[in-house]
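# Descriptive structure summary
What follows is the residue order along each chain.
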Amino acid sequence: MQAVHIRFKGQSYDTNLEELGIQGVPSDSDLKDAVARHLDVAPAEVSELVVERTSEGSLVLRPQAPFG
Amino acid sequence: MVKVEDLIEKTKELEKDFLDTTFLAPVKGLVVVKLGGMVYRLRAEPEDFEGWAVLKPKDYATARVISEPQPHQVYDYLKNYPSLRCILLKKIRGRTWLSLPYNLSDAAQRFKISKPFLVHLVERGGTFEQIKVSYDGLNFWYESASATASLEKVEKMREELTRKQEEIKLKDLTREERMAYSFMLSAIKEELLSREERKIRDALKKGGAELSSYLEAEEEYVVKWKFEGEEYITTVRKQDLAVVSSGICLSGREELFDLTSIVGVMREHEER
């Protein structure tokens, strides 16, 4: 079961693809749509999140880094 | 001098009779039976049975539980063995508890015990409660609750433990009760420590990184971690592992990230 970690608006959420209702390997866009539904927010609110696929097989969604 | 042939014949007879008998024994997976000086280890059926049982051998390797004995039968069994008073520490699994002798000098003299030991088939009890156990030469078995223990004292010790008080303030504690308290306090601290470490390790693992070490500050953890051979140090809030300081400039928006998501941020920073 592939783990999904979400960092959104200063909160952390842990879920997995099954809970998000996703089968197979999702595109970034499909993943964001599912995450928006999971968090009960508008898709536009998560559209800027960065999707990372780790070597451990997890998926991490996080805000863009505001490098100074 | 006894002939070997006679001994073999006698053992055969005993074994034959054994298959026709029923016997009482404490069961925790295996049942140990001594027959004519020889020790037999039998597997109990059902396999998950844990408790006192009346058993019937199926063969020399298996015995079937046919009923549970009356308390007085268990009492009659245990009274054949020496008894010891002890303090319950913590449950290990099922009905097996870790215990400390109530009188260490006596336990060292009679049973060569000077540290916590396992007691099986504990019927009732909780941390710091006193019980009596019997030793059959192989295992310690629960006999009864100790009537002499003060439940009020036990309650106070538990309260102090919940508050993780280093110095227990009860005046009338024995040396062994103080040892039991210290043991449990250390056990709880270790458990807490390993739970914290697991939380940090898991958070990093989800991000694809590996924990090197961590230090604990009042409200924060200073975490040293590795990713693709590089080592990083990140300070995070204890409560939710939100980033407090990452070692790079994030325009004062560190709290946007947690220990899992900072891994990707640091990688991105390296690639810039």
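Refer to the preceding data block for the structure.
Right, let's walk through the structure included here. Bear in mind the structure is a predicted one, so any value in this text is a computation, not a measurement. Position numbers for residues count from 1 along each chain, tracking the sequence in the order it is written. Written order determines the labels here, with chains lettered from A and ligands numbered from 1. In keeping with the model being predicted, local features are shown solely for residues with a pLDDT of at least 70 and side-chain atom pairs are shown and tallied solely at 80 or more, while totals for entire chains, interfaces and linings include all residues. Hydrogens and water molecules were not included; the side-chain quantities draw on all heavy atoms of the structure.

To continue, consider the overall build of chain A. Helix and strand assignments follow DSSP, with helices taken as H or I runs no shorter than four residues and strands as E runs no shorter than two, numbered in order from the N terminus. Looking only at helices and strands, one finds 2 helices and 4 strands in chain A. In chain A, the succession of helices and strands from N to C terminus is β-β-α-α-β-β. Considering only contacts in chain A between residues 6 or more positions apart, those separated by 24 or more positions represent 35%. The accessible surface values rely on the Shrake-Rupley method and a 1.4 Å probe; as for residues, cover is taken only from the protein chains in view. Surface summary for chain A: the accessible area is close to 3600 Å², and the carbon and sulfur share equals 45%. We call two residues in contact whenever any of their non-hydrogen atoms come within 4.5 Å of each other.

The interface is formed by 22 residues belonging to chain B together with 18 residues belonging to chain A. Accessible area that two parts lose when put together, with a 1.4 Å probe and added across both, is what the buried area reports. When the two sides are added together, the surface that chain B and chain A hide from each other amounts to roughly 1700 Å², 56% of it contributed by carbon and sulfur. By salt bridge we mean one thing: a side-chain nitrogen of Lys or Arg within 4 Å of a carboxyl oxygen of Asp or Glu. On inspection of chain B and its partner chain A, the count reaches 3 salt bridges. Between Asp-14 of chain A and Lys-206 of chain B there is a salt bridge; the shortest N-O distance is 3.0 Å. Whenever a nitrogen or oxygen atom comes within 3.5 Å of another N or O atom, the pair is scored as a polar contact, on the condition that within protein one atom can donate a hydrogen and the other can accept it, and that pairs from neighbouring residues in sequence are kept only if both atoms are in side chains. Where chain B meets chain A, there are 9 residue pairs in polar contact (both at pLDDT 80 or more).

Residue and element names in this part refer to chain B. Residue exposure (1.4 Å probe, protein chains only): buried if accessible area is under 20% of the type maximum, exposed if over 50%, otherwise partly exposed. Burial of strand 12 (residues 220–227) is one-sided: the residues Tyr-221, Val-223, Trp-225 and Phe-227 facing one way are buried, the residues Glu-220, Val-222, Lys-224 and Lys-226 facing the other way are not. Bridge analysis of strand 11 (residues 210–216) against strand 12 gives 6 bridges, and the strand direction is antiparallel. Its bridge partner lying in strand 12, Glu-210 is registered against Lys-226. Note on pairing: DSSP must find at least two bridges between two strands before they are called paired. Hairpin geometry of strand 11 and strand 12 is characterised by an intervening segment of 3 residues between the two adjacent antiparallel strands. Here strand 12 folds back onto strand 13 (residues 230–237), and the loop between the two strands holds 2 residues, one of which, Glu-228, carries a positive phi near 45°.

Turning our eyes to something else, we now look at a nonpolar patch on the surface. Residue and element names in this part refer to chain B. Grouping into patches uses exposed residues only, defined as over 30% relative accessible area, and leaves out salt-bridged ones; the cut-off is 9 Å for like charges and 5 Å for nonpolar side chains (Val, Leu, Ile, Met, Phe, Trp, Tyr). Judged by side-chain polarity, Val-32, Val-39 and Leu-138 come together as a nonpolar surface patch covering roughly 250 Å² of accessible area. Residue placement: Val-39 occurs in strand 3 (residues 38–45). By relative accessible area, Val-39 is classed as exposed at 52%.

Below, the discussion takes up unusual backbone geometry. Here the residue pair Glu-45 of chain B and Pro-46 of chain B is connected by a cis peptide bond, since its omega of 5° sits within 30 degrees of zero. Within the secondary structure, Pro-46 of chain B is located in the loop between strand 3 and strand 4 (50–57). Within the chain, Lys-9 of chain A stands out as a residue other than glycine whose phi angle is a positive 50°. Its location among the elements puts Lys-9 of chain A in the loop between strand 1 (3–8) and strand 2 (11–16). Even without being a glycine, Glu-228 of chain B presents a positive backbone phi close to 45°.

Secondary-structure assignment places Arg-267 of chain B in helix 6 (residues 261–271). Judged by relative accessible area, which is 26%, Arg-267 of chain B ranks as partly exposed. As a C-alpha pair, Arg-267 of chain B and Glu-230 of chain B span 37 residues in sequence and 9.7 Å in three-dimensional space. What Arg-267 of chain B contacts, discounting residues up to four positions off in sequence, is Glu-52 of chain A together with Phe-227 of chain B.

Moving on to the packing of helix 4 (residues 151–162) of chain B against helix 5 (residues 175–206) of chain B. Any two packed helices are characterised by the angle at which their axes cross and by the distance between the axes. Residue and element names in this part refer to chain B. Where helix 4 meets helix 5, the axes come as close as 10 Å, and the angle between the chain directions of the two elements is 30°. When the interaxial angle is binned, helix 4 and helix 5 end up roughly parallel. In this structure, helix 4 crosses over helix 5, and the sense of that crossing is right-handed. Seen from helix 4, the contacting residues are Lys-153, Met-157, Glu-160 and Leu-161; seen from helix 5, they are Glu-177, Tyr-181, Met-184, Leu-185 and Ile-188. Among the residues making up the contact of helix 4 with helix 5, the classes are represented as 6 nonpolar, no polar and 3 charged. Here, axes are lines fitted to C-alpha atoms. For helices the fit covers the stretch in contact, and angles between N-to-C directions go from 0 to 180 degrees. If an angle is under 35 degrees, it is roughly parallel; if it is over 145, roughly antiparallel; if it lies from 65 to 115, roughly perpendicular; otherwise it is oblique. Helix crossings get a hand from a simple test, with the near helix turned counterclockwise from the far one by less than a right angle marking a left-handed crossing and a clockwise turn marking a right-handed one. In this count, Pro and Cys sit with the nonpolar residues alongside Ala, Val, Leu, Ile, Met, Phe, Trp and Tyr, while Asp, Glu, Lys and Arg are called charged and the others, Gly among them, polar.

The residue Ser-146 of chain B is located in the loop between strand 10 (140–145) and helix 4 in this model. Accessibility expressed as a relative area gives 12% for Ser-146 of chain B, which makes it buried.

Attention shifts here to the pattern of salt bridges. What the rule picks out here adds up to 25 salt bridges over all chains. Its salt-bridge partner being Glu-52 of chain A, residue Arg-62 of chain A comes within 3.0 Å of it at the nearest N-O pair. Residue Arg-62 of chain A is located in strand 4 (residues 59–62), and its partner Glu-52 of chain A is located in strand 3 (residues 50–53); the two are separated by 10 residues in the primary sequence. Among the ionic pairs, Arg-43 of chain B bridges to Glu-47 of chain B, the shortest N-O distance being 3.4 Å. Judged by its relative accessible area of 36%, Arg-43 of chain B falls in the partly exposed class.

Okay, the sheet that holds strand 13 of chain B next. What links the strands of a sheet is backbone hydrogen bonding, and the strands pair in either a parallel or an antiparallel sense. Residues and elements named next belong to chain B. Pairing is antiparallel across the open sheet formed by 4 strands, whose spatial order is 11-12-13-14. Single-partner strands in this sheet number two, and they are strand 11 and strand 14 (243–245). Direction aside, neighbouring strands of the sheet carry axes that sit 35° apart on average. As paired strands, strand 12 and strand 13 are joined by 8 bridges and run antiparallel to one another. Paired with Tyr-221 across the two strands is Val-236, which belongs to strand 13. Its contacts with the sheet place helix 5 against strand 11 and strand 12, and it is angled at close to 135° to strand 11.

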